[in-house]
Amino acid sequence: MRKKLIIVSGPSGSGKTTLVKHLLSACKSPLAFSISATSRQPRANETDGVDYYFLSPELFQKKIADGDFLEYEEVYNGSFYGTLKEEVQRLWNEGKNVVFDIDVAGALTIKKQFPKESITILIRPKDIETLRERLEERASDSSKSIEERVSKAEYELQQAPLFDSVIDNDVLEVSTNQLLEKVNSFLS
Ligand code: ADP
Ligand code: 5GP
């Protein structure tokens, strides 16, 4: 049976992972995280099958050709990310509502396919400088990769009017509560 889809999106470094982790631990309704596939290399603290399904670029392309993705994007130059149809089906079979952490284009693609069953929430940083500082403090990306992420952010934030809801992630405690409230009211 189809359950609901909670699509959290926004620029890299805006706080999606932090907010989604809090949501998954604090929400009383059955929720599960949709593990995306990616062709990028794992970071030191990431585990295959937990953070992502890490696929070789060749296998990722094969899955595109086989029609295995609900959506996929080349989010950054040469790095593909996508939502596998079977991942969402697996979580629905478990009776869970599915939580996504995906880029803006992917979020809007899924919304189009499930207009009534999904909510799209954009996480917005205070400003681009704050975003850059958070990416630098997170220290998980090279300076080239940080530049790529920051330069995409402006375009992504311009898409805010296309989202069902926007959360300004300034004070963490406030934004975590806002996300929880929005999801609770969407699911009720
Ligand atoms: P994303 O998943 O969108 O790329 P992260 O959740 O990894 O973003 O957050 C980027 C960095 O900013 C992390 O180091 C995280 O701990 C930090 N961070 C997230 N939200 C806040 C906040 N409201 N205030 C201060 N730091 C934050
Ligand atoms: P990161 O490399 O920092 O883990 O993620 C980079 C970007 O890819 C983030 O904006 C994240 O939301 C996005 N992303 C992760 N998984 C998916 C996915 O399955 N589809 C799409 N379209 N974007 C994704």
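From a predicted model like this one, the values you see are computed outputs, not experimental measurements.

Rules used in this analysis
- Residues numbered from 1 in each chain as written.
- Chains lettered and ligands numbered in written order.
- Predicted model: local features only at pLDDT ≥ 70, side-chain atom pairs only at ≥ 80, totals over all residues.
- Heavy atoms only, no water.
- Near = heavy atom within 4 Å.
- Polar contact = N/O pair within 3.5 Å; in protein donor to acceptor, adjacent residues only side chain to side chain.
- Helix = DSSP H or I, 4+ residues; strand = E, 2+ residues; numbered from the N terminus.
- Nonpolar A, V, L, I, M, F, W, Y, C, P; charged D, E, K, R; others polar.
- Phe/Tyr/Trp six-rings, centres within 6.5 Å; stacked < 30°, edge-to-face > 60°.
- Lys NZ or Arg CZ within 6 Å of the ring centre and 35° of its normal.

(A) Examining the site of ligand 2 more closely. Ser36, Tyr52, Glu71, Tyr81 and Asp103 are the nearest of the 19 residues found near ligand 2. Residue serine 36 places a side-chain N or O atom 2.7 Å away from an oxygen atom belonging to ligand 2. Of all the secondary-structure elements, those providing two or more residues to the shell around ligand 2 are strand E5 (69–76) and strand E6 (79–84). A per-element tally of the shell around ligand 2 places E5 first, with four residues. Split by residue class, the shell around ligand 2 holds five nonpolar, six polar and eight charged.

(B) Region of the structure containing the packing of aromatic side chains. Throughout the structure, instances matching the rule amount to six aromatic pairs. Seen in terms of ring centroids, tyrosine 52 and phenylalanine 54 are 5.6 Å apart; in terms of plane orientation they differ by 65°. Their pairing is edge-to-face. An aromatic cluster of at least three residues, connected via ring pairs, comprises Phe60, Phe69, Tyr72 and Phe80. Over the aromatic face of phenylalanine 186 sits the side chain of lysine 4, whose NZ or CZ is 4.9 Å from the ring centroid. The ring of tyrosine 76 is capped by lysine 152, whose NZ or CZ atom sits 5.4 Å from the centre of that ring.

Scope: geometric values only; no functional claims are made or implied.
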